[in-house]
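# What the coordinates show
What follows is each chain in one-letter form.
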Amino acid sequence: MADVLIMARDVGEVSIDGDLAPLFERIYAARGIRSVSELELSLRNLLPPDELNQVHPAAERVQHAIVNQERILVVGDFDADGATSVALALSLLRAMGADNVDFLVPNRFEFGYGLSPEIVRLAADLQPALLITVDNGVSSVDGVALANTLGIDVIVTDHHLPGAELPAAFAIVNPNLPGCKFPSKAMAGVGVIYYLLMVVRAKLREDGWFAERVVPNLADWLDLVALGTVADVVPLDHNNRILVHQGLKRMRAGRCRPGVQALCSVARRQLRKLTAQDLGFALGPRLNAAGRLDDMAIGIRCLLAEDLPTARGLATALDELNRARREIEQEMVSAAELIVSAQNVATDDRFGVCVYEPGWHQGVVGIVAGRLREKIHRPVIAFAETGDLAPDELKGSARSLPGLHVRDVLDAIASRFPGLLVRFGGHAMAAGMSIKRVHYQRFCKAFDDEVRRVLPREALEQVILTDGGLCEDDLCLAMAERLENGGPWGQGFPEPLFHDKFVLVTQRVVGEHHLKLVLKRGERLFDAIAFRQPPLGEATLVDAVYRLNENDYGEIPTLQLVVEHLSVLA
């Protein structure tokens, strides 16, 4: 484990325009909030869609397809954002009157990512007039070109960063396109398709299409938007917080589709108490497991299920895949840790780390990269063989550190060493790529060199930012509930973390890898849990970074401290 520096977030003399309790003013100011209006999460505060590039011509083309009952094919990605995007597109298009709409998701092991020419040929067999990509497509230059040749219009909806060349699609709706003035650059793929269909509904309504039809209430699809947004770990800016808050609000009230209810059930989460953390760490991974190990169509069918028994059967299958994923992940992470240990990364002065072992599962390398990054606090790329899809290639998944835009790193490597990267794409914190197997060692050095060139050495020091200490009166269940309701918390808007000293009263190992603790402060005792924490030996005094949590395991909810970092003081 890398050395850890614990620091309180610096809010300086910043004050927030509005009436807030001092603790909440401190917490929100540290997250960039300057006015209580930025905490207003009603739907009326959503950004209007008009500044999304090409959203109006795209909407008009979709409107034409609906009115004329053209065949529409939605092409998705094989992660949770892709699954929720496909489910939203299909169900909402059908609700708006499209009777001839279907979906296609590339199998990761047969076709790889995106609207490739192979996928277009497969799609052409279904004879669509219109292809709509969701959560992919901005880099699919060859696939879109083939679709154009075949006479199929393509609308790309995506949120990934574009490359140097854009596909010649009928329209591209992506807030990250150069020149796009839409204020939020953080939307997930499911948010982008939601915005497009928002405009489609408005145009259909203006033209009287709903005179004899029920107008779909777009809010009924916010459960999918919330799930996909949180699961894709995009920054929760104000617009995304509105979408997630409103989706969670409906889920807790039971106003969500059977598939979401079934996922909550298999994940042992109470729908009425669902949090953003539950979406990210319980529901999202079960959806992702389908795309990682099998076929994301299972996840999409679960989200599209119209009754609870059908949804439960599919959710159970997803849960079983997630259990299998965990077993594979544990083996791969252990092997990766051994590789890194043998390489002496810290003492070897490595900046960017690559790991690869024959036989690794390509669907799990992203998780391995993330786990390893947490442990050694370095940007990490984990590679696996691509199998029959491209026997001479390795597929890599990168996880970065704050301050390092990993897609830009890959772009720089591609420019400096033409041909070294077969393909790549992604975001600031995560990216995917393919390289020739014979180029692995050469790429490892190029990655380390480029990270070293752009990342300051001090960025390799692991820093945990906290919101300071809590007074004893605030260490209570009521404050845990107030903090939870003060979110939603997530990427870019982190859940409040606190830092205090406690007397260690008892400790015991639970679930093989976790530590159940009783901590004491003053005259009060507190239950606590520390995940992936080895025993602390004869410790009596500890320094803890923690968050407040409601433990509803028993009949009566109690306060529990979830410890993120522990160090022994005595």
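Everything here concerns the structure above.
This is a predicted model, so every value here is computed, not measured.

A few words on a nonpolar patch on the surface. Among the surface-exposed residues, L5, M7, V463 and L465 lie close enough to one another that they form a single nonpolar patch of about 290 Å² accessible area. For the nonpolar patch, the secondary structure elements donating two or more residues are strand 1 (4-8) and strand 12 (462-466). The topology assignment puts L465 in strand 12. The exposure class of L465 is partly exposed, given its relative accessible area of 36%.

A few words now on the packing of helix 7 (residues 222-231) against helix 10 (residues 276-293). Running from N to C, helix 7 and helix 10 point in directions that differ by 85°, and their axes come no closer than 8 Å. Here helix 7 is positioned roughly perpendicular relative to helix 10, judged by the angle of their axes. Across the interface between the two elements, A226, L227, V230 and A231 from helix 7 touch A276, L279, G280, L283, G284 and L287 from helix 10. Taken together, the residues that form the contact of helix 7 with helix 10 break down as 8 nonpolar, 2 polar and no charged.

Okay, helix 9 (residues 258-266) next. Burial runs high along helix 9: 7 of the 9 residues are buried. Residues P258, G259, V260, A262, L263, C264 and V266 constitute the buried set of helix 9. Contacts from the buried residues of helix 9 go to helix 7, helix 8 (238-252), helix 10, helix 11 (297-304) and helix 12 (308-343). With its phi angle positive at about 60°, R268 sits one or two positions after the end of helix 9.

Take the packing of aromatic side chains next. Inspection of the entire model under this criterion finds 12 aromatic pairs. For the pair F443 and F447, a centre-to-centre distance of 6.1 Å together with 10° between the ring planes defines the contact as stacked. You can see F443 and its partner F447 sitting in helix 15 (residues 440-454), 4 residues apart, about one turn around the helix. Given the relative accessible area of 0%, F443 is considered buried. What makes F447 buried here is its relative accessible area of 0%. One aromatic cluster in this structure is built from Y356, F383, Y440, F443 and F447. When the ring centre of W209 is taken as reference, the NZ or CZ atom of R213 above it lies at 3.6 Å. One cation-aromatic arrangement involves R241 over F493; the distance from NZ or CZ to the ring centre is 4.0 Å.

Whether parallel or antiparallel, the strands of a sheet pair through hydrogen bonds between backbone atoms. Across the sheet, 5 strands lie side by side as 7-8-9-11-10; this open sheet has mixed pairing. Two strands close off the open sheet at either side, each with one partner strand: strand 7 (353-356) and strand 10 (421-426). Each strand of the sheet is rotated relative to its neighbour by a mean of 20°, with strand direction disregarded. Bridging between strand 10 and strand 11 (residues 430-436) involves 5 bridges; their strand directions are antiparallel. Counterpart to F424 in the pairing with strand 11 is M433. Strands strand 7, strand 8 (380-385), strand 9 (393-399), strand 10 and strand 11 of the sheet are contacted by helix 15, whose axis makes an angle of about 155° with strand 7.

What counts, and where the lines are drawn
Residues numbered from 1 in each chain as written. Predicted model: local features only at pLDDT ≥ 70, side-chain atom pairs only at ≥ 80, totals over all residues. Heavy atoms only, no water. Patch = residues over 30% accessible without salt bridge, like charges linked within 9 Å, V, L, I, M, F, W, Y side chains within 5 Å. Areas by Shrake-Rupley, 256 points an atom, 1.4 Å probe, with all protein chains shown as cover. Salt bridge = Lys/Arg side-chain N within 4 Å of Asp/Glu carboxyl O. Helix = DSSP H or I, 4+ residues; strand = E, 2+ residues; numbered from the N terminus. Buried < 20%, exposed > 50% of the residue type's maximum accessible area, 1.4 Å probe, protein only. Axes fitted to C-alpha atoms, helices over the stretch in contact; angles between N-to-C directions. Parallel < 35°, antiparallel > 145°, perpendicular 65-115°, else oblique. Contact = heavy atoms within 4.5 Å. Nonpolar A, V, L, I, M, F, W, Y, C, P; charged D, E, K, R; others polar. Phe/Tyr/Trp six-rings, centres within 6.5 Å; stacked < 30°, edge-to-face > 60°. Lys NZ or Arg CZ within 6 Å of the ring centre and 35° of its normal. Pairing = 2+ DSSP bridges.

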